[in-house]
Amino acid sequence: MKKIAYFSPLNPIRSGISDYSEDLLPELSKVYDVEVYVENGFQVENANIKENFVIREYSEFSRRYNEKQYSAILYHMGNNYAAHKEIYEFILKYPGIVVLHDYSLHHFFAAKTLEQGNLDGYRDEMLYCHGKEGFDEANRFLNGEIGPIWENNSLQFPLNLRILDHSAGIIVHSQFAKDLLRKQASYVPIEVVPIPAPNISKFEDLEKEKEDAREELGIDQGDFVISSLGYANPTKRIDKIIEALSVIKSKQTIKNLKFYIVGEVSPSYPIKGLVKKHKLENEVVFTGYVDLKDFDKYISASDMCINLRYPTQGENSASLLKIMGHGKPVITTNIGSFREFPKKLVHKIEYGSTEVIELVNSMHEVSQTDRAQLSLNILEYVRNNSSLAICANKYDMFVSRISTEGNNLMLGLNQYINNYISQMNSKHYSFGPDLETMIDNSIRIVSKSFEKKI
């Protein structure tokens, strides 16, 4: 069995990527001998991972890498700087396959540079990734001419090119992300591996699961329960859901309506005041943080879930697949990777001026539809497209492809140039970062030209 090194946040780091890895690792271990790398001194919380995997500290990796212990390295990279800052440094030093959970890494680099007071570092990253246009845009922001780019224009300036240039291959979770990456760096092998549904219910068990979950959570069996799950911030559009609920309550189109906001609410997102303004205190329930077991119970207890997103960072929603794995009807925003789900299974609304009325209409439609048949269709789709076994098999196929067919053309060129620079520096020549950036950009132009010829 081939051995791979696996870098990812794990719990107690509260991250969707931690949960993702803890779901995926047992399935990957059926085809690979997996060694999991964590920060020095880090204590893995998940008992199953701790007991069934070799856990190594970052300080052990260099020696084992030089000894060629691994047939592949898997890095999980996301937009959260605190959770991924050391993984990012390993990616640059020891190229491997990067699972890019967020297309845009602008938040990551803003935290890495601007929050540390390193304005030049931010300019340099914008220059490296987006050339003069990016450099000028960075200066516009730093001069106060525009708002934060990561909030307003992160898809145009995703700051992910350095990762692409230093990866043997890239795994993303949607065709949407793959298409965007192809425009930036067609020289990098890219594969789509869908987000898995970690648990897929049996259709015949759905009603019993719902009843049991409601009993354990203290939810009335006669309520019509709508849930929004995960960390609540403005991108989740819960303020729009509250407005829609106010309309539904005034028209009394859904009886015994309850809306559960499952998870923590961002301190900068004043939705509790909005609930009070619309007099929905009896209809809206804030659960606060819940663990993964209760998270699943709230899905099971729901009649319908709402999973909106705008703006998007090119990310995917693990909670959406958890919802679908329980066979629940769900309403999403018609944007990014959400567009790829079949319309007959996932209700989609537009963001903008029609958002609230579309929400009202979709909630009413779902409440009146044959939800049993819809649940059956959702479960069949997830079982055929997003099981853990299917996802692990796609990982295996891509790792094998990279091993046999070669990888990113930029890696060889970068290695050649870096070796040359090292030799020249050893002879007391000095190459500054501006020249190195110019060389990197020249390599990229040459590699694209080469690709067109082949």
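Residues numbered from 1 in each chain as written. Predicted model: local features only at pLDDT ≥ 70, side-chain atom pairs only at ≥ 80, totals over all residues. Heavy atoms only, no water.

So, the nonpolar core
Okay, so step 1: Grouped together as the largest cluster of nonpolar side chains are 57 residues, with contacts concentrated most on L25, L28, V34, L229, Y298, M324 and Y395.
Okay, so step 2: It is helix α17 (residues 388-405) that provides the largest number of residues to this core, a total of six residues.
Okay, so step 3: Leaving out residues up to four positions away in the same chain, Y298 has contacts with L217, I219, S227, L229, Y260, V262, T287 and V290.
Okay, so step 4: Among the nonpolar cores identified, the runner-up in size contains 45 residues, and M77, F90, F108 and L159 belong to it. (Core = buried A, V, L, I, M, F, W, Y, C linked by side-chain atoms within 4.5 Å. Buried < 20%, exposed > 50% of the residue type's maximum accessible area, 1.4 Å probe, protein only. Helix = DSSP H or I, 4+ residues; strand = E, 2+ residues; numbered from the N terminus. Contact = heavy atoms within 4.5 Å.)

Details of helix α14 (residues 318-325)
Okay, so step 1: The element α14 is extensively covered by neighbouring structure, given that seven of its eight residues are classed as buried.
Okay, so step 2: Listed as buried for α14 are S319, L320, L321, K322, I323, M324 and G325.
Okay, so step 3: Just downstream of α14, G327 is the residue with a positive phi angle, here 70 degrees.

Some words on the packing of aromatic side chains
Okay, so step 1: Counting across every chain of the model gives 23 aromatic pairs.
Okay, so step 2: With centroids separated by 5.0 Å and ring planes inclined at 5 degrees, the aromatic side chains of F7 and Y37 adopt a geometry described as stacked. Residue F7 is found in strand β1 (residues 3-7), and its partner Y37 is found in strand β2 (residues 33-38); the two are separated by 30 residues along the sequence. With respect to class, F7 is no different from Y37; both count as buried. (Phe/Tyr/Trp six-rings, centres within 6.5 Å; stacked < 30°, edge-to-face > 60°.)

Description of the pairing of β1
Okay, so step 1: Where burial is concerned, most of β1 is hidden: four out of the five residues are buried.
Okay, so step 2: Strand direction decides the pairing type here: β1 and β2, joined by five bridges, are parallel. Counterpart to I4 in the pairing with β2 is V34.
Okay, so step 3: Chirality of the crossover, the property in question, places the unit of β1, helix α1 (residues 16-28) and β2 among those that are right-handed.
Okay, so step 4: Pairing of β1 with strand β4 (residues 72-77) involves four bridges; the strand directions are parallel. Across the sheet, residue Y6 finds its bridge partner in β4, namely L74. (Pairing = 2+ DSSP bridges. Right-handed = clockwise from strand over helix to strand, strands pointing away.)

Describing the sheet that holds strand β7 (residues 190-192)
Okay, so step 1: Pairing in this open sheet of seven strands is parallel, and the strands run β3-β2-β1-β4-β5-β6-β7 from one edge to the other. A strand with exactly one partner marks an edge of an open sheet, and here the two such strands are β3 (54-57) and β7. On average, each strand axis in the sheet is tilted by 25 degrees relative to the strand beside it, whichever way the strands run.
Okay, so step 2: Sheet strands in contact with α1 are β1, β2 and β4, and its direction is about 155 degrees off that of β4.
Okay, so step 3: Contacts from helix α4 (residues 81-93) reach β1, β4 and β5 (97-100) within the one sheet, and its direction differs from that of β4 by about 140 degrees. (Axes fitted to C-alpha atoms, helices over the stretch in contact; angles between N-to-C directions.)

Considering the side chain of R214
Okay, so step 1: Assignment of secondary structure puts R214 in helix α10 (residues 206-217).
Okay, so step 2: The class of R214 is buried, set by a relative accessible area of 0%.
Okay, so step 3: Of the polar contacts made by the side chain of R214, one reaches the backbone oxygen of D220; its length is 3.1 Å.
Okay, so step 4: Looking at R214, its side chain comes within polar contact range of the side chain of D303, at 2.7 Å.
Okay, so step 5: For R214, the residues in contact, after removing those within four places along its chain, are I219, D220, Q221, G222, D223, V225, A301, S302 and D303. (Polar contact = N/O pair within 3.5 Å; in protein donor to acceptor, adjacent residues only side chain to side chain.)

Points about unusual backbone geometry
Okay, so step 1: Along the chain, N11 connects to P12 via a cis peptide bond; the corresponding omega equals 20 degrees.
Okay, so step 2: Within the secondary structure, P12 is located in the loop between β1 and α1.
Okay, so step 3: Of note, the amide linkage connecting Y310 to P311 takes the cis form, showing an omega dihedral of -5 degrees.
Okay, so step 4: For P311, the position within the fold is in the loop between β11 (304-307) and α14.
Okay, so step 5: With a phi close to 55 degrees, K68 is a non-glycine residue in the positive phi region.
Okay, so step 6: Structurally, K68 is set in the loop between α3 (61-66) and β4.
Okay, so step 7: Residue classification places K68 among the exposed residues on the basis of a relative accessible area of 72%.
Okay, so step 8: The phi torsion at N256 lies on the positive side, around 55 degrees, for a residue other than glycine.
Okay, so step 9: Structurally, the position occupied by N256 is in the loop between α11 (238-251) and β9 (257-262).

Some points on the environment of K240
Okay, so step 1: Along the chain, K240 turns up in helix α11.
Okay, so step 2: For the pair K240 and Y351, spaced 111 residues apart in sequence, the C-alpha separation works out to 9.7 Å.
Okay, so step 3: In contact with K240, not counting residues within four places along its chain, are E355, V356 and L359.

Observations regarding the pattern of salt bridges
Okay, so step 1: With the rule as written, the count across this model stands at 23 salt bridges.
Okay, so step 2: Note that R64 and E35 form a salt bridge whose closest N and O atoms lie 3.2 Å from each other. Linking R64 in helix α3 with E35 in strand β2, this pair joins segments that are 29 residues apart in sequence. As far as burial versus exposure is concerned, R64 and E35 are alike and both buried.
Okay, so step 3: Through salt bridges with shared partners, a single network forms among K3, E35, R56, E60 and R64. (Salt bridge = Lys/Arg side-chain N within 4 Å of Asp/Glu carboxyl O.)

What to know about the confidence of the model for the protein chain
Okay, so step 1: Here the protein chain averages 92 in pLDDT, and 90% of its residues register 70 or above.
Okay, so step 2: Per-residue pLDDT stays below 50 along residues 449-454; that stretch engages in three contacts with residues further than four places along the chain or on separate chains. (pLDDT = per-residue confidence, 0-100.)

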